[in-house]
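Chain by chain, the residues:
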Amino acid sequence: MPKRAPAIDLQLNLTFCSGLPRHRQLYSALKRAVLDGQFRSGNRLPSTRSLARTLGISRTTVLDAFEQLSAEGYLEGKVGSGTRVACCIPGNPERASQRLSGRLARSAPRVSQRAHLPIEEDLSFLQTSARPLRPGQPESSLFPRTLWSRLAAKHWRRANRDPEHIDSLGYRPLRKAIADYLARIRGVRCEPDQVLIVGGAQQALYLCAYTLLDPGESVWMEDPGYPRARRAFLGAGLKVVPVPVDAEGINVAVGRKSHPSPRLVFVTPSFQCPLGSMMSLARRFELLQMAKEQASWILEDDYFHEYRYGAAPVACLQSIDETGRVIYIGNFSKSVAPSLRIGYLVLPPGLVESFQRARSTISRQPPGVEQAILAEFITEGHLEWFIKMSLRVYSDRRDVLAETIRKYGEQNLEISPSGVGMYLVAWLKQRIDDRDAALAAAAHGVDAIPLSAFCSRPLRRKGLVLGYSGYEPERIQLAARRVCEVLSAIKT
Ligand SMILES: Cc1ncc(COP(=O)(O)O)c(C=O)c1O
C-alpha cells in the first residue's frame with residue numbers, strides 16, 4: 001500500500017474572536033490559505049479530529065468548514081479518508097488581479113477613447129460638499145419635505161399598479177403637466193407627446209448628441225459656456241467649435257465665419273452660462289435663420305428661467321421657431337431638488353421616434369413613482385408656489401452678496417449682477433489669475449469657480465463665479481468678505 005503523504009502543517013493563526021460563527025471563520029482562513037498559494041493542489045489536510053484538537057474547537061465545526069470548501073471545489077476527497085486541496089483551484093478574480101497588481105497599478109486598464117475624456121476644468125481644489133459661495137446650489141431647507149413625503153407615500157401605494165409608469169417617453173401625466181406649465185410660463189408650443197422625460201439636463205445633452213449627430217460632426221458651443229455640455233458632446237465624439245459670446249449672447253456672425261455649417265448649436269438664451277446675459281431678439285432671429293439655412297439643430301438649455309428678480313420674462317427660443325429646428329431642454333434640478341434627477345426634452349414632432357429609440361438603448365423609462373410625485377407637485381400648483389418662495393429668499397441673498405463685494409472688494413472686483421439666476425460673475429480688476437484667486441479663496445474656506453473653467457480659449461478678462469442661492473446671508477457676507485481680503489493679499 002503506498003504511503004500517504006504527510007498532512008501539511010496548518011499555520012492558520014485563528015483566534016476566533018470575530019462575531020462570525022467559528023465554522024465560517026475556519027472556512028475563510030482555509031480558503032484564503034488555498035488562494036494565497038500557502039496550500040497547494042494535492043496537499044493533504046490534517047484529519048478533522050486532529051485539526052479540531054489543535055484549534056481547540058469541536059469536530060463538527062471543522063466538518064462544516066470542510067464540507068463548505070468541498071462543495072465550492074477547494075477541497076476534494078472523502079472526509080475521513082483524507083482531504084486534499086483540489087487539483088484545480090477555481091480562479092478567484094479578485095486574487096488573480098491582486099497578483100497582477102504590480103503590473104496593473106502601473107498600466108491603467110484599457111477603456112474606450114471616450115472614457116479618457118480630459119476634464120478641462122480642474123476643480124479638484126473644491127471640497128466634495130459645497131461651501132459658500134459654490135454656485136448653483138439651491139437652499140435645501142426650503143424644500144417642502146412634508147408635502148413631498150405625503151405625495152411620495154400616496155404614489156408608492158399605487159406603485160406597480162399604474163401602467164402609465166411604464167412609458168418610454170416618460171409618465172404621461174407628467175409630460176402633460178410639463179407641456180401645460182411651459183405653455184403658460186415660457187410660451188413653449190408642444191403636445192405632451194413631444195416631451196421626453198430624462199435623468200436631468202445632462203442626460204438630455206448626451207442623448208441629443210448621440211441621436212442627432214455622428215461622431216466627428218460639429219457642434220457650436222458658447223465660449224465661455226457650460227462645461228458639462230462640452231463634456232457630453234466630446235463624449236459623444238463630436239467636434240466642439242467654441243463660438244464667442246458677447247452681451248447679446250452667442251456671436252452668430254463670428255461662428256458663421258469660422259465654421260459655417262454646424263450640425264448642432266448649444267445655447268443658454270435666458271441666462272447665458274456663466275455670464276448671465278440674455279440673448280437679444282435680433283440674435284435669436286439670426287440664429288434661427290442660420291439653423292434654417294444650414295439645417296442645423298439648436299439646443300436651447302432654458303435653465304434658471306424661473307429665477308428672475310424683477311426682470312420681465314422673455315419667451316424662449318422654441319416659442320418663435322417656425323421651422324422646427326429647436327430642441328428645448330428643461331430640468332428640475334434647481335427648481336425642485338438636485339437629487340431628483342428629472343429633466344426633459346421638448347422635441348420637434350419628427351424627432352420623437354428617433355429619441356424614443358435612442359433612449360431605450362440607455363434606459364427603458366425614467367423612475368415611475370418619482371415622475372408621478374412630480375406630476376402632482378406641478379398640477380396642484382406647488383411648483384410655482386415653491387419657486388415664488390425661493391425667489392424671495394434668493395433675491396435678498398443676491399443683494400447681500402452684491403453689497404458685500406461693493407463694500408469690501410471695490411479695488412479688486414467688479415460685479416454685474418444679472419436679473420436672473422443663482423450666481424453672479426465678479427470680474428477681476430487687477431491682473432490676478434482667476435484660478436490663483438479661486439485656489440486662495442478655497443484655502444480660506446470659500447468656494448469660487450474661476451471663469452476660465454468655463455472657457456475653451458484664453459479670456460481677455462478674468463473673473464470668479466460666485467453663488468448666493470444656497471447660503472444664509474450671514475455666511476454670504478463672511479465668505480464674500482474673505483474673498484475680498486484674499487484678493488487684496490495676492491501680489492500682482
Ligand atoms: C447650463 C446648465 N444647464 C443645466 C443644468 C442642470 O443640469 P442637471 O439637470 O443635469 O443637474 C445646469 C446645472 O448647473 C447648468 O448650469
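Everything numeric in this text was worked out from a predicted model, so none of it was measured.

Cut-offs used in this document
Residues numbered from 1 in each chain as written. Predicted model: local features only at pLDDT ≥ 70, side-chain atom pairs only at ≥ 80, totals over all residues. Heavy atoms only, no water. Domains from an automatic or database assignment. Pairing = 2+ DSSP bridges. Helix = DSSP H or I, 4+ residues; strand = E, 2+ residues; numbered from the N terminus. Salt bridge = Lys/Arg side-chain N within 4 Å of Asp/Glu carboxyl O. Buried < 20%, exposed > 50% of the residue type's maximum accessible area, 1.4 Å probe, protein only. Polar contact = N/O pair within 3.5 Å; in protein donor to acceptor, adjacent residues only side chain to side chain. Phe/Tyr/Trp six-rings, centres within 6.5 Å; stacked < 30°, edge-to-face > 60°. Axes fitted to C-alpha atoms, helices over the stretch in contact; angles between N-to-C directions. Parallel < 35°, antiparallel > 145°, perpendicular 65-115°, else oblique. Contact = heavy atoms within 4.5 Å. Nonpolar A, V, L, I, M, F, W, Y, C, P; charged D, E, K, R; others polar. Near = heavy atom within 4 Å. Areas by Shrake-Rupley, 256 points an atom, 1.4 Å probe, with all protein chains shown as cover.

Taken domain by domain, the chain holds domain 1 (1–110), domain 2 (144–380) and domain 3 (386–489). Taken over C-alpha atoms, the centre of domain 1 sits 57 Å from the centre of domain 2.

Here we come to the sheet that holds strand β12 (residues 423–428). What the four strands build is an open sheet, ordered β11-β12-β14-β13; its pairing is antiparallel. Strand pairing shows two members of the sheet lacking a second neighbour, β11 (413–415) and β13 (449–450), which therefore form its edges. Pairing of β13 with strand β14 (residues 463–467) involves two bridges; the strand directions are antiparallel. Its bridge partner being in β14, Pro 450 is matched across the sheet by Leu 464.

Before going further, it helps to examine the pattern of salt bridges. In total, this model carries 20 salt bridges according to the counting rule given. As a salt-bridge pair, Lys 462 and Asp 433 come within 3.0 Å of each other at their nearest N and O atoms. Of the two residues, Lys 462 is situated in the loop between β13 and β14 and Asp 433 in the loop between β12 and α15 (434–443); the sequence distance between them amounts to 29 residues. When its relative accessible area of 26% is taken as the criterion, Lys 462 is described as partly exposed. Residue class for Asp 433 comes out partly exposed when judged on its relative accessible area of 27%.

Another point: the side chain of Ser 319. With respect to the helices and strands, the residue Ser 319 is situated in the loop between β8 (297–301) and β9 (326–331). A relative accessible area of 13% places Ser 319 in the buried class. In terms of polar contacts, Ser 319 uses its side chain to reach the backbone carbonyl oxygen of Cys 316, at 2.6 Å.

On to the pairing of β12, then. In terms of burial, β12 is a largely internal element, six of the six residues being buried. Residue alternation in β12 divides its side chains into two sets, Tyr 423, Val 425 and Trp 427 and Leu 424, Ala 426 and Leu 428, and both sets are buried. One ladder, built from three bridges, connects β11 with β12; its direction is antiparallel. Counted as the bridge partner of Ile 415 is Ala 426 from β12. With five bridges joining them, β12 and β14 adopt antiparallel strand pairing. Pairing of Trp 427 across the sheet is with Gly 463, part of β14.

Scanning the model with the defined rule gives 15 aromatic pairs in all. Ring plane angle 25° and centroid distance 6.5 Å describe the contact between Tyr 206 and Tyr 210, whose orientation is recorded as stacked. Of this pair, Tyr 206 and Tyr 210 both sit in helix α8 (residues 201–212), separated by four residues, roughly a single helical turn. Among the residues examined, Tyr 210 registers a relative accessible area of 44% and is labelled partly exposed. Aromatic pair Phe 377 and Phe 386: ring centres 6.4 Å apart, planes at 70°, arrangement edge-to-face. Summarising the burial analysis for this pair, Phe 377 and Phe 386 share the class buried.

Our next topic: the packing of helix α13 (residues 368–379) against helix α14 (residues 382–408). At a minimum axis distance of 5 Å, the contact between α13 and α14 shows a crossing angle of 70°. Our classification of the angle between α13 and α14 gives roughly perpendicular. The segment α13 lies against α14, with Glu 376, Phe 377 and Ile 378 engaging His 382, Leu 383 and Phe 386. Tallied by class, residues from the contact of α13 with α14 come to four nonpolar, one polar and one charged.

In the vicinity of the ligand, the contacting residues are Gly 200, Ala 201, Gln 202, Tyr 226, Cys 273, Asp 301, Tyr 303, Asn 331, Ser 333, Lys 334 and Arg 341. Take Ala 201: an N or O atom from its main chain is 2.8 Å from an oxygen atom of the ligand. Residue Ser 333 places a side-chain N or O atom 2.7 Å away from an oxygen atom belonging to the ligand. For the ligand, whose accessible area on its own is 400 Å², the fraction buried by protein is 88%.

Right, let's talk about the pairing of strand β10 (residues 343–346) for a bit. Here β10 shows a buried face lined by Gly 343 and Leu 345 and a second buried face lined by Tyr 344 and Val 346. Bridging between strand β3 (residues 195–198) and β10 involves four bridges; their strand directions are antiparallel. When the bridges of β10 are listed, Ile 197 appears paired with Tyr 344. Bridge analysis of β9 against β10 gives four bridges, and the strand direction is antiparallel. For Asn 331, the partnering residue across the bridge sits in β10 and is Gly 343.

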